[in-house]
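# Fold and geometry: a report
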Amino acid sequence: MIPPIASRFVAGETPAELLEHVRQLEDQGVRTICNRLGEHYEQPEPAIDDRDAYCDLLTDIDNAGLGACISVKPSQIGLGIGEETFRENLAIIVDRAATHEKFVWIDMEDHPTTDATLDAYADHATEYERVGVCIQANLKRTPEDLRRLADLPGKVRLVKGAYDEPAAIAHRKKPRVNEAYRDCLDFMFEEFDDGIAVGSHDPAMIEHATRRHEEFGTDFEIQMLMGVREEAQLELAEEYDVWQYAPYGGKWLSYFSRRAMERTENLTFALRAIVGQ
Ligand code: FAD
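Every chain is numbered on its own, with residues counted from 1 as its sequence reads. In view of the model being predicted, local features appear only for residues whose pLDDT reaches at least 70, and side-chain atom pairs are presented and counted only at 80 or more, with totals across whole chains, interfaces and linings using the full set of residues. Side-chain calculation: all heavy atoms of the structure are included, whereas hydrogens and water are not.

### Here we look at the overall build of the chain
- What the chain contains, in helices and strands, is 10 helices and eight strands.
- Only C-alpha atoms enter the radius of gyration, while the globule expectation follows 2.2 Å times N to the 0.38, with N the number of residues. By the compact-globule yardstick of 19 Å for 277 residues, the chain fits well, its C-alpha radius of gyration being 18 Å.
- Projected onto its principal axes, the C-alpha coordinates of the chain cover approximately 45 × 40 × 40 Å.
- Whether a residue is buried, partly exposed or exposed follows from its accessible area with a 1.4 Å probe, protein chains only, as a fraction of its type maximum: under 20%, in between, or over 50%, in that order. Taking all 277 residues of the chain together, the buried fraction comes to 52%.
- Counting only contacts in the chain whose residues sit at least 6 apart along the sequence, the fraction spanning at least 24 positions is 70%.
- Here the Shrake-Rupley method, with its probe set to 1.4 Å, supplies the accessible areas, and only the displayed protein chains count as covering residues. As displayed, the chain offers around 13000 Å² of accessible surface, 48% of which is attributable to carbon and sulfur atoms.
- Charge convention: Lys and Arg are scored as positive, Asp and Glu as negative, and His as well as the terminal groups of each chain are ignored. Here the site of a charge means atom NZ of a Lys, CZ of an Arg, CG of an Asp or CD of a Glu. Averaged over its 30 positive side-chain charges, the chain has a centre that lies 6 Å from the centre of its 53 negative ones. In DSSP terms, a helix is any run of H or I states spanning at least four residues, a strand is any run of E spanning at least two, and both are numbered starting from the N terminus. Two residues form a contact once any of their heavy atoms are found within 4.5 Å.

### Examining the nonpolar core
- In terms of nonpolar packing, the biggest core is built from 63 residues, with I70, I93 and L149 touching the most fellow members.
- With sequence-adjacent residues up to four places away left out, I70 is seen in contact with I33, C34, Y54, L57, L58, I61, I93, F103, V104 and W105.
- Take the buried residues of types Ala, Val, Leu, Ile, Met, Phe, Trp, Tyr and Cys, join any two whose side-chain atoms come within 4.5 Å, and each joined set is a nonpolar core. By size, the runner-up hydrophobic cluster in this structure holds 19 residues, among which are I33, L37, A197 and W252.

### Some thoughts on the site of the ligand
- Think of it this way: one heavy atom of a residue within 4 Å of a molecule or strand is enough to make that residue near it. Every one of the 25 residues lining the ligand counts as a neighbour, but M108, K160, G161, S200 and H201 are closest to it.
- The side chain of K160 places a nitrogen or oxygen atom 2.7 Å from an oxygen atom of the ligand.
- Pairing of N or O atoms within 3.5 Å defines a polar contact, subject to two protein rules: one partner must be a possible hydrogen donor and the other a possible acceptor, and residues neighboring in sequence count only if both atoms are side-chain atoms. Taking D202, its main chain carries an N or O atom lying 3.5 Å from an oxygen atom of the ligand.
- Starting from 950 Å² of accessible surface for the ligand in isolation, the protein chains cover 80%.
- Put simply, the parts of the chain that give the shell around the ligand at least two residues each are β4 (131–136), β5 (155–159), β7 (220–225) and α10 (264–275).
- Considering each element in turn, the shell around the ligand owes the most residues, three residues, to β7.
- Classification convention: Asp, Glu, Lys, Arg as charged; Ala, Val, Leu, Ile, Met, Phe, Trp, Tyr, Cys, Pro as nonpolar; all other residues, Gly among them, as polar. In terms of residue class, the shell around the ligand is made up of 10 nonpolar, seven polar and eight charged.

In structure tokens, the structure reads:
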């Protein structure tokens, strides 16, 4: 059982706890992107375990009549072992998703994995309509990648980028990343037929997206993490399509520590939970 201190950011250790969270969110008009915590596997066994857990989860989501989807990290299903292992495991997950008509997101990790991730996504996107990939505005290559993605079916989640990338290939200053994010949004709203996901908690980026939506009419959705700006998630859901990215599983400690440390508000929340105030 997840201790109360971490349960703001993690939906539970078991699929049953996760699905209860999904149901509660759906009752409030927000749908869930389910992510099983796990990454950087160097051996096939944990990658196969997580692959199978995702397949079972897709079946459970369908059996429960819920509208949730999943989001998978490439290094969680074998990219660290080899591109072929990653592709095999992803194909098995996408196959199961197709059986249940569920959506599969592919998270984006650090820059050495970008090509393999985009190539695997491109293959699946042309075969199966319910697949999406994350792309990072901080990478200097992203405008070029977006041009390629604009010609494909499928959805693209734009994020600022969570990895500490070298200056040769990435914008590192916040204002420059924000500018790049806005430029990417402009391109996507103009050039994509639909399938835009705004993966950001930043009110300025969300407002920029809503203005572009009014201008171009292109559909979009907003995605935020569990435990971050949850009131805003509910408010935005009154007008827009909002999805909450909810992690679950046994490996919650390192994820929770990252969330707690990244912003003062989150740390204050965690400390209050410890001292019971
Ligand atoms: P920031 O630039 O961190 O902050 C901008 C503003 O947003 C702040 O000034 C504040 O107003 C508001 N804000 C931000 N955080 C908080 C908070 N905790 N509490 C209150 N207000 C806050 N990165 C990847 O590299 N690969 C992925 O696959 C990936 N998937 C993601 C999926 C989702 C659904 C989301 C939301 C993010 C994902 N990320 C991913 C992380 C992303 O790259 C950013 O690191 C992260 O979202 C922080 O950037 P931001 O745009 O949310 O806001």
